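If you want the building blocks of each chain, they are given just below.
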Amino acid sequence: MIRFILLQNRQGKTRLAKYYIPLEDSEKHRVEYEVHRLVVNRDPKFTNFVEFRSHKVIYRRYAGLFFSLCVDITDNELAYLESIHLFVEILDHFFSNVCELDLVFNFHKVYLILDEFILAGELQETSKKAIIERMGELEKQD
Amino acid sequence: MAQSHHSKEFLDLIKSIGESKSKSEEDNIILSEIRTLKRLLSKPDIPQRKLKELIIRLIYVQMLGHDASFGHIHAVKITHHANISLKRTGYLAVTLLLDQDHDLIILIVNTIQKYLKSDNYLVVCAALNAMCRLINDETIPAVLGQVVELLNHPKEAVRKKTVMALHRFYQRAPSSVVHLLTNFRKRLCDNDPGVMGATLCPLFDLITIDVSSYKDLVVSFVNILKQIAERRLPKSYDYHQMRLPSFSENYTCVTQIKLLKILASLGSGDKRASEQMYTIIGDIMRKCDSTSNIGNAVLYESICCATSIHPNSKLLASAADAISKFLKSDSHNLKYLGIDILGRLIKINPEIAEQHELAVIDCLEDPDDTLKRKTFELLYKMKKSSNVEVIVERMIDYMINLSDNHYKTEIASRCVELAEQFAPSNQWFIQTMNKVFEHAGDLINIKVAHNLMRLIAEGFGEDDADADSQLRSSAVESHLRIVGEPKLPSAFLQLICWVFGEYGTADGKYSATYITGKLCDVAEAHATDDTVKAYTISALMKIYTFEMAAGRKVDMLPECQSFIAELLASNSTDLQQRAYELQAVIKLDPQTVANVMPMDASCEDIEIEKNLGFLNGYVQEAFEKGAQPYIPESERSGTETAGNYRGQEHHEASTHALRFEAYELPKPVVPTISTPVTVANSNELVPVREPYYPSEVHRPTSVVSSGRDAGSAELKLRLDGVQRKWGRPTYPSTTSSTYVPDINKSHDGATLRDVVGSANPKLQDVTYNVKRQQPEVPPEKRKLAASLFGGASKSDKKAPSAATKGSKAKSHSSNKSAQHSRSNSADVITSKTASQLLPDLLDLGETSVSRMEMVDPFKQLEDLIDSDKTPAHGLVGVDVPKAPDMTYADMMSGVETPLTTSGEGLLSVASQKDMH
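- Going by what an unreviewed UniProt entry lists, chain B is known as Membrane traffic protein and is assigned to Lithospermum erythrorhizon.
- Of the comments in the UniProt record for chain B, the one headed Subcellular location (unreviewed entry) reads "Endomembrane system".

- Under an unreviewed UniProt entry, the name given to chain A is AP complex subunit sigma, and the organism recorded is Lithospermum erythrorhizon.
- One UniProt comment on chain A, placed under Sequence similarities (unreviewed entry), says "Belongs to the adaptor complexes small subunit family."

Right under this line is the structure:
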């Protein structure tokens, strides 16, 4: 199960954070700080997995942004690594050539996409098309 | 496309945040934004678009780590809005701003109920999304009915989210949906593969908990897996695949992985179920596209599955092939998986690791920490006596430079475990442990130190006294070398002090003066650590008493004297107590001292014959003289059916309930609860009659019958005892001993003595005292019980090492209680009756143990209120004033470092565009 998903830039600014387990605010800040510290200085050649407390963080870097998923220790690392990539592709498709600024200004939309992608800590939809269509329907209602 | 929706204000806000140079500048911007939002949100009639943006700005404020609670109610309000876009924004806001236990959740439940009925499936989806995040145990019943209906919704997206929501309910409050679990099975046959895939999540959870009731699904799972692998999928699925091949590929893989996980737990240890899976797992392994990440993910998962089900040689062979592919790969990710699988395979086939030696060593030396740790995990699994030295050495080297306390703890405890299991020699063992303690002492559970103490005391199990004393000497010597080092962890110092105290002078190599000098240095260097000081003073006492027992004169070093003087005035009662004990003990004559503090007796077992069988004769005599039998509490409130053996258990159960109520009602007279039969009898009969039966029943002796005769005559008396049962203040020793076992002992010691002598007719009672329900036992009985226990040990005392040999794995309680007994007996001596006690001194130690038992009822009551308390509390208290858990908790809290963001650079516009 996914515990949380974080989008952070190299400076450690959180661009998006979604928690699937209840945490205190102070704890969330601590988690964000620690995860950033864990992933930011890793060599690109290294594994994309880091142990984090009693879980593991699967991260992937896209330009200046780190996408980090915290999952259970028994979960399949590569599968989650791929799902990060899928998420980025969906974002890229939705914002047509996504950049960090898109995420900054439209973070609420990123959250909506994420809600279509992951629900209750599980991947619920891996079809890019389905998610984009759903988002289109929502946009129409604006 | 994106920016167009926002007002200039919002864009400016984000821009200024991006351009701010420092954390305080950012904070100022946000604070003024908060003021603006507060003002704007409280206005009536905000235009819809504006309102939506305000809510989004609110989320932004919270995301930057500021308190947005002033806006929570607005976010909740907006979920009621008619406009669907606004409503969705509202839901988004509440899911991000609130958590499941927030007070406002109850307001949201109302709207959720309404929107679950909506015709617009997007609204239903929004409600389901919000529900997954926000529903809690209390609100589940409010929506459950509607949610279950949605399982048949025509839109597959809704069905899927419904399944997920039910899964969430199950995680949160299993009991609330336990009657709905069959729905998950049904949804497995949903014609939309997405819904089917979602169903696998809850099923996986259910299967992990209870494998056996889902064995029938093996066939279905295998079939689904086959369909996916052979791409024979339902229509809608093909549709996806044709349009977006790579992603539906992705999708099948996610489902495959889930299915393989499920099969792994279903097939584990079940040959028949496993046989059904072999073909399909083999197929998947073969067909996997090993050039893509997701293909390797499936391959990895199928190997995991193959290693956890009943082994099949063909599958394992292809698994071994895959390992070499993974390990040879350049990708660290694949190497990592290779090491992981190797760790799994090694359990089935230990030889397999040898082929990959070099690759494993490479991974071990890789600068990538994750890979390194995984490899250590593998090494740990590969442990055997021939390689343990190398493995542990590696682990320790790595551990020394670690800054991550969480992992350091883990690796340290692994080192300890390996060393304990496979140590090739005593010296090596002691040295390894010293290293571990030196570098990670504060992270290790204090129990490890206790275990080590016991190990040193008991030796390695062989009946080889030489080897044992050699072990001890080498421990003393190595500790003497290390003790001067600065900054040793507390646990290690405790260990050192203990070893010095027990064995510092044992082999005659070092003089008492030398050792005590070292001890004083330790205490001086760690003046703030009370636990270490306690260990130090205990060690001093041991050394002095050993010296006295050996007939030498004790010359206390001036620094020892001042140390003792300091402790005599210490704020800690524990330290004070120890200091006084020490003072008292060294004033005694050598022979007494030798009895009080026997040499190398920390492992002596102290046995208690709990049912005091040896007193039966005495009891019977008392009965014949017309004494009254003891009536355990449980029998005091009902049951005429004395001879009923079954009644015993029944009583046991009802006692608990009764006792719980007894707190509120002063009299334990609740006849209806225990036996309906007695209801007819008047109330006053009840407390009087029942007493002695059930307990007597299982006592085989003739005491039983005589007890009954005598009992019925004087029933009235028992009532007093009953009413006084909660009179806690009368037994100060009981309560205090739980926490500070030593405090009252000296007084008790004296009183207990007196009671032993006096013939009390209620001996029978004592037996039951021990086992349960003391509360209503009058004080004098209590003392009697305690003193009897002291007497009891006289006959039971074991010859020193015989019982303990080879019992390494036993908990350290025996060790503790022995020490306990020492300090105890020391107390006793300080009381005036000292000289006459001599033969019994050690036995009195047992009174303390028995008193622990007596504490039990209170403990039990406490447990009723606070189930967290551990009953063993008191035992550990003697040498370790801080409970071990405490230390552990401290250690764990140390894992987290405080958050300091001020140093972080702020986002500059330049870096924002990095992604291009």
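### Structural notes on the overall build of chain B
Okay, so step 1: On a plain count of helices and strands, chain B comes out with 50 helices and 0 strands.
Okay, so step 2: Counting only residues that meet the buried cut, chain B has 57% of its 916 residues in that class.
Okay, so step 3: Carbon and sulfur atoms make up 53% of the accessible area of chain B, which amounts to about 38,700 Å² in all.

### Section: helix 2 (residues 77-94) of chain A
Residues and elements named next belong to chain A.
Okay, so step 1: When the terminal C-alpha atoms of helix 2 are compared, their 26 Å separation across 18 residues agrees well with the 26 Å that a helix rising 1.5 Å per residue should span.
Okay, so step 2: Counting buried positions over the 18 residues of helix 2 gives 14, a clear majority of the element.
Okay, so step 3: By the N-cap criterion, in which a side-chain oxygen at the helix start approaches the backbone nitrogen of a residue two or three places on, helix 2 is capped by N76, the distance to L78 being 3.2 Å.
Okay, so step 4: Looking at the residues trailing helix 2, positive phi occurs at S96, about 35°.

### Re the interface of chain A and chain B
Okay, so step 1: Opposite the 81 residues of chain A that make contact, chain B presents 83 residues.
Okay, so step 2: The contact between chain A and chain B buries some 7,700 Å² in all, and 58% of this surface belongs to carbon and sulfur atoms.
Okay, so step 3: Contact with chain B buries area across many residues of chain A, yet A:E51, A:L78 and A:F105 alone supply 9% of it, more than any other trio.
Okay, so step 4: Inspection of the region where chain A meets chain B yields 5 salt bridges.

### A few points about the pairing of strand 3 (residues 49-52) of chain A
All names here are of chain A.
Okay, so step 1: Here strand 3 shows two buried faces, one formed by F49 and E51 and the other by V50 and F52.
Okay, so step 2: Sheet analysis places strand 3 next to strand 4 (residues 55-62), joined by 4 bridges and oriented antiparallel. Within strand 4, the position partnered with F49 by the bridge is I58.
Okay, so step 3: A loop of 2 residues connects strand 3 with strand 4, the two strands running antiparallel in sequence, and R53 in this loop sits at a positive phi of about 50°.

### Thoughts on the nonpolar core
All names here are of chain B.
Okay, so step 1: Counting 186 residues, the largest nonpolar core has L116, M131, F169, F221 and I281 as the members making the most contacts within it.
Okay, so step 2: Counting residues per element, this core draws most heavily on helix 7 (residues 121-134), at 12 residues.
Okay, so step 3: Not counting residues up to four positions away in its chain, the partners in contact with M131 are I112, L116, V143, V147, A165 and F169.
Okay, so step 4: Residues I430, M453, I515 and L582 belong to the second largest nonpolar core, which totals 84 residues.

### Comments concerning the pairing of strand 4 of chain A
Residue and element names in this part refer to chain A.
Okay, so step 1: Within strand 4, 6 of the 8 residues are buried, which leaves the element mostly enclosed by the surrounding structure.
Okay, so step 2: In the sheet, strand 4 pairs with strand 5 (residues 65-71) via 7 bridges, with the strands oriented antiparallel. Following the sheet pairing, K56 is matched in strand 5 by V71.
Okay, so step 3: Counted along the chain from strand 4 to the antiparallel partner strand 5, the turn is 2 residues long, and its residue A63 has a positive phi close to 50°.

### Let's talk about the packing of helix 2 of chain A against helix 19 (residues 332-348) of chain B
Okay, so step 1: Relative to each other, helix 2 of chain A and helix 19 of chain B sit at 155°, their axes nearing to 11 Å. With respect to helix 19 of chain B, the element helix 2 of chain A is oriented roughly antiparallel. Here helix 2 of chain A contributes A:E77, A:L78 and A:L81 to the contact with helix 19 of chain B, which in turn contributes B:N333, B:L334, B:Y336 and B:L337.
Okay, so step 2: Grouping the constituent residues of the contact of helix 2 of chain A with helix 19 of chain B by class yields 5 nonpolar, 1 polar and 1 charged.

### Digging into the pattern of salt bridges
Okay, so step 1: Tallied over the full model, the rule gives 40 salt bridges over all chains.
Okay, so step 2: Between A:E100 and A:R15 there is a salt bridge, with the nearest N and O atoms lying 2.9 Å from each other. One end of the pair, A:E100, is in helix 3 (residues 100-105); the other, A:R15, is in strand 2 (residues 14-19), with 85 residues separating them in the sequence. A:R15 shares its class with A:E100; the two are buried.
Okay, so step 3: Here A:K128 ties to A:E89 by a salt bridge, and the two come within 3.7 Å at their closest N and O atoms. With A:K128 in helix 5 (residues 128-140) and A:E89 in helix 2, this residue pair connects regions lying 39 residues apart in the sequence.
Okay, so step 4: Residue A:E89 is classed as partly exposed on the basis of its relative accessible area of 24%.
Okay, so step 5: Sharing partners across several salt bridges, the network here consists of B:E9, B:E33, B:K50, B:E53 and B:R57.

### Thoughts on a nonpolar patch on the surface
Okay, so step 1: A contiguous nonpolar patch, built from B:I73, B:I106 and B:L107 and spanning about 260 Å² of accessible area, is present on the exposed surface.
Okay, so step 2: Relative to the helices and strands, B:I73 resides in helix 4 (residues 72-78).

### Structural notes on the state of the cysteines
Okay, so step 1: Applying the stated criterion across every chain yields a total of 0 disulfides over all chains.
Okay, so step 2: We note that B:C520 lacks a disulfide partner, and the nearest cysteine sulfur, in B:C560, lies 3.0 Å from it.

### Some remarks on helix 30 (residues 530-549) of chain B
Okay, so step 1: Here helix 30 of chain B spans 28 Å end to end across 20 residues, near enough to the 28 Å set by a 1.5 Å rise per residue.
Okay, so step 2: Of the residues flanking the end of helix 30 of chain B, it is B:G551, one or two places downstream, whose phi is positive at about 85°.

### Digging into unusual backbone geometry
Residue and element names in this part refer to chain A.
Okay, so step 1: Of note, the phi angle at N97 is positive, near 65°, even though the residue is not glycine.
Okay, so step 2: Following the sequence through the fold, N97 ends up in the loop between helix 2 and helix 3.
Okay, so step 3: The backbone of A120 shows a phi angle near 50°, a positive value even though the residue is not glycine.
Okay, so step 4: Counting through the fold element by element, A120 comes out in the loop between strand 6 (118-119) and strand 7 (122-123).
Okay, so step 5: The buried category is assigned to A120, whose relative accessible area is 6%.

### Notes on the environment of A:I21
Okay, so step 1: As for its position among the elements, A:I21 is in the loop between strand 2 and helix 1 (25-40).
Okay, so step 2: A:I21 sits 100 residues away from A:G121 along the chain, and the two C-alpha atoms are 8.2 Å apart.
Okay, so step 3: Ignoring anything within four residues of it in the chain, the contact list for A:I21 reads A:M1, A:R3 and B:R168.

### Comments concerning the confidence of the model for chain B
All names here are of chain B.
Okay, so step 1: Averaged over every residue, the pLDDT of chain B is 70; the share at 70 or more is 65%.
Okay, so step 2: Residue range residues 669-725 is modelled with pLDDT below 50. Its contacts to residues more than four positions away, or to other chains, number 110 contacts.
Okay, so step 3: Under a pLDDT of 50 for its full length, residues 727-775 has, in the predicted model, 130 contacts with residues more than four places off or in other chains.
Okay, so step 4: Taken together, the chains of this predicted complex give a pTM of 0.64 and an interface ipTM of 0.91.

What counts and what doesn't
Residues numbered from 1 in each chain as written. Chains lettered and ligands numbered in written order. Predicted model: local features only at pLDDT ≥ 70, side-chain atom pairs only at ≥ 80, totals over all residues. Heavy atoms only, no water. UniProt positions renumbered as here; feature names shortened; annotations may be inferred. Helix = DSSP H or I, 4+ residues; strand = E, 2+ residues; numbered from the N terminus. Buried < 20%, exposed > 50% of the residue type's maximum accessible area, 1.4 Å probe, protein only. Areas by Shrake-Rupley, 256 points an atom, 1.4 Å probe, with all protein chains shown as cover. Expected span 1.5 Å × (residues − 1). Polar contact = N/O pair within 3.5 Å; in protein donor to acceptor, adjacent residues only side chain to side chain. Contact = heavy atoms within 4.5 Å. Buried area = accessible area lost by both parts, 1.4 Å probe. Salt bridge = Lys/Arg side-chain N within 4 Å of Asp/Glu carboxyl O. Pairing = 2+ DSSP bridges. Core = buried A, V, L, I, M, F, W, Y, C linked by side-chain atoms within 4.5 Å. Axes fitted to C-alpha atoms, helices over the stretch in contact; angles between N-to-C directions. Parallel < 35°, antiparallel > 145°, perpendicular 65-115°, else oblique. Nonpolar A, V, L, I, M, F, W, Y, C, P; charged D, E, K, R; others polar. Patch = residues over 30% accessible without salt bridge, like charges linked within 9 Å, V, L, I, M, F, W, Y side chains within 5 Å. Disulfide = S-S within 2.5 Å. pLDDT = per-residue confidence, 0-100.

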